[in-house]
Amino acid sequence: MMLNFNGTLIAKSEINLSSENRAFKYGDAIFETINILNKRVVFWEDHYFRLMASMRMLRMDIPMSFTLEYLESEILKTIENSLDNNLRVRLTVFRKDGGLYTPVTNEVDFLIEASENTYQTKKEYRIDLFKDFYNYSGLLSTIKTSNRMLNTLASIFMDENDLDNCVLINENKGVVEATNANIFIVKGNEIKTPAVTEGCIKGVARKKVIEILSKNEDYLVTETSISPFEMQKADEVFLTNSIIGIQPVTNYRKKVYNTVIGEKVAASFKLQQITGK
């Protein structure tokens, strides 16, 4: 699979990022992880508008060429020769080289990478809290920057403890998200997910799931603060992101969850991925 650097396709072995690369030195970059099904960029408009909003928030100059159509065409150009029908693409935008904390320019480069999406929904899925460090609430935490040290440490903890994922908490001890996904909890007919003000990523899959659930009069969907105690009392918990889709959780510490609603939401979400509607 080729890489796409600023519109030019190159082999992975030929990529040449300098020691002054700001994504490397300062985490001065943002990225979108995008699902590709049958050569179609899934939920592309949502990814694109989130990318533009993030660039504006981080004071990156948005090139005139960065239209919805242009970036989609560059993604499709990158995957054109792939034989896989299900791919994951990472689109990274980073400020051009130079400067210390203060950049010499706010102009940007972009890099598109693609690989096969091999994720399979797991029948058993175990999670626990990661309490060593906080995911601080605030607008900056809602952006997918390349500074993912907290997520890395939580993933190491997960690996050391034979877990499938970890739940991050904020400085108020509220649930924020999982290491790589947004989180929903179900109690009766009420379905809650952490509000953006809690510090969670504005997930594209999260947005789609809220839309799906809001159309069903059987459920009351709220974006709010959630305590770890509520997770203990929940009937179900499920995770969402663009690559895994919907992953029901079966175990949280000694708690065993049902997966009925999570599986129903997963079916509706998958249909949206396939049809785009």
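Quick look at the structure, then.

### Quick word on the environment of alanine 114
Mapped onto the elements, alanine 114 comes out in strand S6 (residues 108–116). Of the residues examined, alanine 114 reaches a relative accessible area of 6% and is grouped as buried. Sequence separation between alanine 114 and glycine 138 is 24 residues, and the spatial gap between their C-alpha atoms is 31 Å. Not counting chain neighbours up to four residues away, the residues in contact with alanine 114 comprise Met1, Ile79, Arg88 and Val89.

### With respect to the nonpolar core
Inside soluble globular proteins, nonpolar side chains tend to come together where they are buried. Membership of the largest hydrophobic core comes to 25 residues, with the highest contact counts inside it found for Trp44, Met55 and Val93. For this core, the secondary-structure elements that each account for two or more residues are strand S3 (29–37), helix H2 (44–57), helix H3 (68–79), strand S5 (86–95) and S6. It is H2 that contributes the most residues to this core, 5 residues altogether. The residues contacting methionine 55, other than those within four sequence positions of it, are Ile30, Met60, Asp61, Ile62, Pro63, Phe66, Val93 and Val108. Core analysis: the second largest hydrophobic core is formed by 19 residues, Ile169, Ala181, Ile226 and Ala234 among them.

### Description of the environment of serine 18
Among the structural elements, serine 18 can be located in the loop between strand S2 (8–10) and helix H1 (22–26). What makes serine 18 partly exposed here is its relative accessible area of 33%. Through-space distance from the C-alpha of serine 18 to that of glycine 98 is 10.0 Å; in sequence the pair is 80 residues apart. In terms of polar contacts, serine 18 uses its side chain to reach the backbone amide nitrogen of glutamate 20, at 3.0 Å.

### Examining the sheet that holds strand S11 (residues 190–194)
Sheet architecture is open: 5 strands sit in the order S12-S11-S10-S13-S14, paired in mixed fashion. Each edge of the open sheet is held by one strand with a lone partner, namely strand S12 (220–224) and strand S14 (245–249). Neighbour-to-neighbour, the strand axes of the sheet open up by a mean angle of 25 degrees, direction not taken into account. Direction of pairing for strand S10 (residues 182–187) relative to S11: antiparallel, over a ladder of 3 bridges. Bridge pairing links valine 186 to isoleucine 191 in S11. Here helix H7 (residues 260–275) sits on the sheet in contact with S10, S11, strand S13 (236–241) and S14, set at roughly 170 degrees to S14.

Calculation rules
- Residues numbered from 1 in each chain as written.
- Predicted model: local features only at pLDDT ≥ 70, side-chain atom pairs only at ≥ 80, totals over all residues.
- Heavy atoms only, no water.
- Helix = DSSP H or I, 4+ residues; strand = E, 2+ residues; numbered from the N terminus.
- Buried < 20%, exposed > 50% of the residue type's maximum accessible area, 1.4 Å probe, protein only.
- Contact = heavy atoms within 4.5 Å.
- Core = buried A, V, L, I, M, F, W, Y, C linked by side-chain atoms within 4.5 Å.
- Polar contact = N/O pair within 3.5 Å; in protein donor to acceptor, adjacent residues only side chain to side chain.
- Pairing = 2+ DSSP bridges.
- Axes fitted to C-alpha atoms, helices over the stretch in contact; angles between N-to-C directions.

By themselves, these are just geometric observations and shouldn't be taken as functional.
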